[in-house]
Amino acid sequence: MPRNNRTARGGRKAKPDEAEPDLRLDVLRSSLRREVTKRGVDYVVQNVTGNSETEKTWICPHCNIEIKTGTAHVVAWDAIRGVETRRHFHTACFKSFQGPLL
Ligand SMILES: [Zn+2]
């Protein structure tokens, strides 16, 4: 009789070990803000929900296409150089963006 064995556990875990305690403090301050490292450069990334609080539209520096008002996207800036360097990206574009921020 075949036993319904489950595949061995503990072999590989999909659980990310990346969660740093410091990050949680930041999360408490702003649940939308996080840090991402790309090619050794740290970026602060913040989700923008896309409510048309500001009537501005932004040009995504990755695809050079306008981010329309009301579109959820991300704003990212160099953690060292500060918010002066911030740019607005399509959410998907920032994932493939490898820097640098100009
Ligand atoms: Zn884009």
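Refer to the structure presented above.
What you see is a predicted model; the values in this text were computed from it and never measured.

Colleague: What should I look at first to understand the coordination of the zinc ion in this one?
Modeller: Under ideal tetrahedral coordination, the four donors around a metal are separated by 109.5 degrees; under ideal octahedral coordination, the six donors are separated by 90 or 180 degrees. Only Cys 60 (SG), Cys 63 (SG), His 90 (ND1) and Cys 93 (SG) from the protein coordinate the zinc ion, and they sit 2.0 to 2.3 Å from it. Taken together, the 4 donor atoms coordinating the zinc ion span angles of 103 to 116° at the metal, a pattern that classifies the geometry as tetrahedral. Written as a sequence motif, the donor residues of the zinc ion are C-x2-C-x26-H-x2-C. Taken together, the positions of Cys 60 in the loop between β3 (58-59) and β4 (66-67) and Cys 93 in helix α2 (residues 91-96) put the pair 33 residues apart, joining distant regions of the chain. Judged by its relative accessible area of 0%, Cys 60 is buried. On the basis of relative accessibility, which here comes to 12%, the residue Cys 93 falls in the buried class.

Colleague: What should I look at first to understand the sheet that holds strand β6 (residues 87-89) in this one?
Modeller: Within a sheet, neighbouring strands are paired by backbone hydrogen bonds and run either parallel or antiparallel to one another. Across the sheet, 4 strands lie side by side as β1-β2-β5-β6; this open sheet has antiparallel pairing. Where the open sheet ends on each side, the last strands, each with one partner, are β1 (33-38) and β6. Each strand of the sheet is rotated relative to its neighbour by a mean of 35°, with strand direction disregarded.

Colleague: Any chance you could explain the pairing of strand β5 (residues 73-78) here in plain terms?
Modeller: Regular strands place their side chains on alternate faces of the sheet. Of all 6 residues that make up β5, 6 are buried, and the element is covered over most of its length. Alternating positions in β5 separate into two faces, His 73, Val 75 and Trp 77 on one and Val 74, Ala 76 and Asp 78 on the other, with burial throughout. Two strands pair when backbone bridges link them, and strand β2 (residues 41-48) and β5 are joined in this way by 6 bridges, in the antiparallel orientation. Residue pairing for β5: Asn 47 is matched across the bridge by Val 74. Pairing analysis gives 3 bridges linking β5 to β6, with the strands arranged antiparallel. Bridge pairing links Ala 76 to Arg 87 in β6.

Colleague: For this particular structure, what's the right way to read unusual backbone geometry?
Modeller: Glycine aside, negative phi is the norm for most residues, and most peptide bonds take the trans geometry. Cis rather than trans, the peptide bond between Gly 99 and Pro 100 has omega equal to -5°. Assignment of secondary structure puts Pro 100 in the segment after α2. The phi dihedral of Arg 39 is positive, around 50°, even though this residue is not glycine. Its place among the elements puts Arg 39 in the loop between β1 and β2. With a phi angle near 60°, Asn 64 is a residue other than glycine that sits in the positive phi range. Here Asn 64 shows up in the loop between β3 and β4. By relative accessible area, which is 59% here, Asn 64 ends up exposed.

Definitions and cut-offs
Residues numbered from 1 in each chain as written. Predicted model: local features only at pLDDT ≥ 70, side-chain atom pairs only at ≥ 80, totals over all residues. Heavy atoms only, no water. Donors = N, O, S within 2.8 Å, 3.2 Å for Na, K, Ca; no water. Tetrahedral: all angles 85-135°; square planar, octahedral: opposite > 155°, others 65-115°. Helix = DSSP H or I, 4+ residues; strand = E, 2+ residues; numbered from the N terminus. Buried < 20%, exposed > 50% of the residue type's maximum accessible area, 1.4 Å probe, protein only. Pairing = 2+ DSSP bridges. Axes fitted to C-alpha atoms, helices over the stretch in contact; angles between N-to-C directions.

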